[in-house]
Structure formats: C-alpha cells, structure tokens
Amino acid sequence: MIIKLLYIGNKLASHGNTETSIEILGRFLEVEGYEMYYASSYKNKIARMLDMIFKTIQYSRKVEYVLIDVYSTQNFWFALLSSQLCRILKLKYISILHGGNLPERINNNFFISKLIFNNSYKNSAPSRYLYEIFKKANYKNVVYIPNTINIENYSFKERENLVPRLLWVRSFSTIYNPIMAIKVLSRLKKDFPNAKLCMVGPDKENLIDEYKLLAKELNVEVEFTGKLAKEEWIKLSEDYNVFINTTNFDNTPLSVIEAMALGLPVVSTNVGGIPFLLSNNENGLLVDVNDSEAMAGAIKTLFSNRIFYETIVSNARNKSETFDWNVVKMDWSEILK
C-alpha cells in the first residue's frame, strides 16, 4: 500500500529562498515511494496560510499523516493553525522541529506550545539539542531524526591550507550574523594578506549593501554570489579550504553537515544545536557568539598545523556519513509504517 502524506511548510525555493526541509525531506520521501502533497509555495504569507488550511481539508481523507514544519519565528503560528485543524479533522500529525530559537518560543508561549506538541503523533527533532530540550520540557512522543543528505552527492576533496580561503553559506539575515564573517576576514588579513572570503546566499532582509559598505570600510574584498543552486555552491566550494558559520541562533544547519561531507573544516559559533553536531578540536572548532577575534584565532590554529587540519577534516567527514539518507530513512520508515 502506498502511504500518502501531506507536508505543510514554506516551500519557497522557487521564489529564490534557500531549500528547506519540505523540499529536501519531501524529495527523499518521494523517492522512497511515498505519495506527497504539499502546502504551500505561495510567497504571500496570507495566501500561504489559506492554502495550508485548504489543502489540509482537501486531503484529510486521503493522507495517513500530516508533516508540519515548526519554526520559532512568525511561521510558528502557521504550525499552530495547521496542527489544530488536524486535531479537528482527526488527522495524525508529526511536528518537525526547526530553529535554534524554538526553546525560547516554547517557554514564552507555553500554553500554545502545549496545544501543538502535546497533541502531535510524534515530535521529530533533527538535533540532539532540540530532542533534549523537548524531553526536559516533558513533551511526549519526541523522537530524534536528524537532517539528512545523500552522501554520494558530496565528493570528499583534500585541500591545501597555506592561505585561508573562507566560505560562508547562509541566508543574509541578522540572526546568522554575516557581519561577523567580514570582521573575521579583516582580522585574518594581518597574518594572511591573501586570505579571501566568499559569501553565498539570498539577501532576505535587503542588507547586502550594508555588508558591502562594511567590507569597503575594513578594506577587505568579499565576493557576494547571491543565492546559488546547491550544485553550484558545491562546485564553488572546491576553491575554498575552510567553512565558517557565524550564526547567533542555530539548530543543526544542513550547510554545516554538507561542508563536513565535502572535506571543509568547520569553524562555528558555539550556539544551540551546534555543540551536539561539532565537538571542539575533534571534528570542528567552536568559538563564542560574535567573537570574530576568537574565530580568526581558531582559523590560524588550523592553518598552523597540517596534521590537526587533516584530523578535523577526516573526523568531520566520518560524522557527516551518519546523516546519509540510507541511514536516516530507517527512522522515518519506523514512524510512518
């Protein structure tokens, strides 16, 4: 029997946004033979919300489960509306937890969070961080199912590490602190005059001109590519030898897992779910939030010891292989059987 699923989330890659779980996980599930319906790809938030309501009602007698992406920002309210509609229609729904700031949301909106998560068939946490947070908050039916990649799409490459060539891949949003990346490059220039930085991602908050001005003021050259398709930035990554993650809040970012799979050592801020993904000085390097000096120092350490660099890279690749779809799909099969 073919299992039919409705996936509710922000399916906005066609509008220039970065792919999210609804596109990535949805595609994997389709390959496994699940029949998928989606809501919603409307850019306008009101239209997207109405489409979520309509599709939930439309497919209520067709699907076995509803998957709902739950974020900590405004889209949290989409999840509330969708989950309560599922309850009315007696549909089993699975809350897929996202966003490093979700713990603050469940504390600040205690009653509403209970309405969503206490009534979920399962609460799927893509990081050990969120799994532990939700267990401590006494939510039931919490399962750990990590974000996933197809490891075959990520060719491991050995890189020379004479001069830092930094790669940053994220949406240009203040919560991801792109300014820190530019400041890190400025600090590195004192020891590595030929260091470079490439920043990849869509300009979600129309701040790109501000970042370009900062680079000019600090007298550093930064390449801003805009949004690239996954295949494009993976190809681009071959010219770089360290991946930096400067975020203020985080869960388990797929871009970091991808960098680990590609053979790029990762230097990241030590926030949210990151320390559950990266162990400092073992398969990555961790620094405090907004500490550009510490991040520059960590990169210098990487480039002063070739053996250390190679050890970090090798351990990171091994870790990334645990996120391969052929491993993770068994967890989804278990709860969707």
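Residues numbered from 1 in each chain as written. Predicted model: local features only at pLDDT ≥ 70, side-chain atom pairs only at ≥ 80, totals over all residues. Heavy atoms only, no water.

**Q** What is the right way to look at the overall build of the protein chain in this model?
**A** Of regular secondary structure, the protein chain possesses 14 helices and 12 strands. The C-alpha atoms of the protein chain give a radius of gyration of 20 Å, which matches the 20 Å a tight globule of 337 residues would have. Dimensions of the protein chain along its principal axes, counting C-alpha atoms only, are 65 × 40 × 35 Å. Here the protein chain holds 337 residues, and the buried ones make up 55% of them. Long-range pairs, those at least 24 residues apart, make up 74% of the contacts in the protein chain between residues at least 6 apart in sequence. About 15,300 Å² of surface is accessible on the protein chain, with carbon and sulfur atoms providing 50% of the total. Averaging the positions of the 40 positive and the 36 negative side-chain charges in the protein chain gives two centres separated by 7 Å. (Helix = DSSP H or I, 4+ residues; strand = E, 2+ residues; numbered from the N terminus. Rg over C-alpha atoms; globule rule 2.2 N^0.38 Å. Buried < 20%, exposed > 50% of the residue type's maximum accessible area, 1.4 Å probe, protein only. Contact = heavy atoms within 4.5 Å. Areas by Shrake-Rupley, 256 points an atom, 1.4 Å probe, with all protein chains shown as cover. Lys, Arg positive; Asp, Glu negative; His and termini not counted. Charge placed at Lys NZ, Arg CZ, Asp CG, Glu CD.)

**Q** Explain the nonpolar core to me, please; I cannot follow it from the model alone.
**A** Taken as a class, soluble globular proteins show a tendency for nonpolar side chains to be buried jointly. With 50 residues, the main nonpolar core has Leu5, Leu29, Leu167, Trp332 and Leu336 as its most contacted residues. Element by element, the count of residues in this core is highest for helix α10 (residues 254-262), at seven residues. Those residues within four positions of leucine 29 in sequence are excluded, and the remaining contacts are Leu5, Tyr34, Met36, Leu67, Trp325 and Leu336. (Core = buried A, V, L, I, M, F, W, Y, C linked by side-chain atoms within 4.5 Å.)

**Q** How do you make sense of the sheet that holds strand β5 (residues 122-125) when you look at a structure like this?
**A** The pairing of strands in a sheet comes from backbone hydrogen bonds and takes either a parallel or an antiparallel form. The parallel open sheet is built from six strands, whose spatial order is β2-β1-β3-β4-β5-β6. Unpaired on one side and paired on the other, β2 (35-39) and β6 (142-144) mark the two borders of the sheet. Neighbour to neighbour, the strand axes of the sheet diverge by 25 degrees on average, direction disregarded. As paired strands, strand β1 (residues 4-8) and strand β3 (residues 65-70) are joined by four bridges and run parallel to one another. The residue of β3 that forms the bridge with isoleucine 8 is isoleucine 68. Seen against the sheet, helix α1 (residues 21-31) touches β1, β2, β3 and β4 (92-97) and runs at an angle of roughly 165 degrees to β2. Seen against the sheet, helix α14 (residues 325-336) touches β1, β3, β4, β5 and β6 and runs at an angle of roughly 150 degrees to β4. (Pairing = 2+ DSSP bridges. Axes fitted to C-alpha atoms, helices over the stretch in contact; angles between N-to-C directions.)

**Q** Help me understand the environment of tryptophan 332, please; the structure alone is not making it clear to me.
**A** Structurally, tryptophan 332 is set in helix α14. According to the relative accessible area criterion, tryptophan 332 is buried, its value standing at 3%. Each C-alpha atom, one on tryptophan 332 and one on asparagine 141, is 14 Å from the other, the two residues being 191 residues apart in sequence. The contact partners of tryptophan 332, leaving out residues within four places of it in the chain, are Leu25, Tyr34, Leu67, Ile94, Ile96, Ser124, Ile145 and Trp325.

**Q** Explanation requested: the pattern of salt bridges in the structure shown.
**A** For side chains of opposite charge, pairing can occur when their charged atoms come near one another. With the rule as written, the count across this model stands at 11 salt bridges. Put simply, glutamate 19 and arginine 27 hold a salt bridge, and the shortest N to O gap is 3.1 Å. According to the relative accessible area criterion, arginine 27 is partly exposed, its value standing at 40%. Residue glutamate 321 pairs with arginine 317 through a salt bridge whose shortest N-O separation is 3.2 Å. (Salt bridge = Lys/Arg side-chain N within 4 Å of Asp/Glu carboxyl O.)

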